[in-house]
Amino acid sequence: MVLGLGTVPLTSVAHARREAKRKLPRSIYWYTEAGTELRRTVRANRDGFKEIGLQARILDSHEPRKLSTTVLGREISMPLITTPAGFIRIAHPDGELGVARAAEAAGTAVGLGILSSYSIETITANASDVWFQLYMLGGREGSAVAIERAKAAGCRVLIITVDFAALSGGQDYQRGHPGVPDTVDLPTALKYAPEMITRPLWALNFLKGGVDLVFPNAPGNANLTASQVGAGIMAHPPTWDDIVWARKQWDGPFVVKGITSIDDARRAVDEGVDAISVSNHGGNSLDGSPATIRVLPEIVDAVGDNLEVLLDGGVRRGSDVVKAVALGAKAVMVGRPYIWALAAGGEQGVRQILEVYRQGIAGTLTLLGCPSVEDLNPSHLRLPPGFNP
């Protein structure tokens, strides 16, 4: 039996973050915040959106706005997708399964990481538009197994994340904290005891295995520890040759996630990629890399006619989604916000935060006098002088 962590009516991403901080042990909460070195890129992602203004046209028609759009050949109810994330069952026992059910109920796609604590088959049984994220654990041999399994289970899109080949430096926020536990056992519980005392419900779920970290989708070995998985990812960082190889293995929509340069975006076109996600891994890779919203316009200008461009990083409000789409993104992918919502209230929390985004998008469109997300363009924005990387 897994003990529920309770639900609250979430009203914003900031609210979800506060609830997550209140409910999670300090080390686990700071894992959800993450970011390398000084977290400059984490802040830059958020601040980039803050610098963009919106051009209100309040006397236009206030008919219901059309939020749906088509991404990689399938319509979703709004231009927002839950990005793949690892180890999220540590935030709540519902884990990736709760996220998948919430995304399905919201009418959008769900990203599923190879580091999910639930099997690919379980997720595809509960969601109709699953995007499977591949880290090249075990090199091409292991990746071939994972790709074939994702195909057989009915995943529609393959994502290869390319921006996590190494850590640029230490994570200052983790200093003095044990980080993500490798196992669920008594010694680990004792290690976390000072934090668990103040978070008894999370502690009980941990001791009962309700937040156990297993990796049933890892090729050949579901019993890897979190640290072993991290080492395995960095042992096989993908190259362009691997992208070419993976493109041949997968006959459906193919996404490369982690592009922030025009040259890499153009190379993705050359290699037959269907979409890229302009992403810096949420600030979890190279600290000091530019905000994704800042490099989005130049990448769209360079390749937007040849493939679909997505964006992730710093998207905290429905108005942020609108800004990204107005600058050329087909949709955004969000990570931290739904993980905080999951910690705050499990599947129900994720449903609530997706609805918060939906309402924010609709309200922003109304005040812009824009009938549809597909009609958004830079004329709806007020960009500051010199808005660039």
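Up top is the structure.
*Asks:* Sorry if this is basic, but what is going on with the pattern of salt bridges here?
*Replies:* Pairing between side chains of opposite charge can happen when the charged atoms of each approach one another. This model, assessed by the stated rule, comprises 17 salt bridges. Across the salt bridge formed by Arg247 and Asp274, the nearest N and O atoms sit 2.7 Å from each other. Here the residue Arg247 occupies a position in helix α11 (residues 240-249), and Asp274 occupies one in the loop between α12 (262-270) and β9 (275-278), the gap between them amounting to 27 residues. Residue Arg247 is classed as buried on the basis of its relative accessible area, which comes to 19%. Each of the salt bridges in this network shares a partner with another, and the network as a whole consists of Arg17, Glu33 and Arg39.

*Asks:* Where do I start with helix α3 (residues 40-50) in this structure?
*Replies:* The periodicity of an α-helix, 3.6 residues per turn, causes residues three or four places apart in sequence to face the same way. Turning to α3, its buried residues are Thr41, Val42, Asn45, Gly48 and Phe49. Taken down its axis, α3 places every buried residue within 135° of arc, on the same side. Residues of α3 that are buried sit in contact with α13 (292-303), β10 (308-312), α14 (318-326) and α15 (336-368).

*Asks:* Honestly, the environment of Ala344 in this entry has me stumped. Any pointers?
*Replies:* Here Ala344 is to be found in helix α15. Exposure remark for Ala344: the relative accessible area of 0% places this residue in the buried category. Expressed as a C-alpha distance, the spacing of Ala344 and Ala91, which sit 253 residues apart in the sequence, is 8.6 Å.

What counts and what doesn't
- Residues numbered from 1 in each chain as written.
- Predicted model: local features only at pLDDT ≥ 70, side-chain atom pairs only at ≥ 80, totals over all residues.
- Heavy atoms only, no water.
- Salt bridge = Lys/Arg side-chain N within 4 Å of Asp/Glu carboxyl O.
- Helix = DSSP H or I, 4+ residues; strand = E, 2+ residues; numbered from the N terminus.
- Buried < 20%, exposed > 50% of the residue type's maximum accessible area, 1.4 Å probe, protein only.
- Arc of directions from axis to C-beta.
- Contact = heavy atoms within 4.5 Å.

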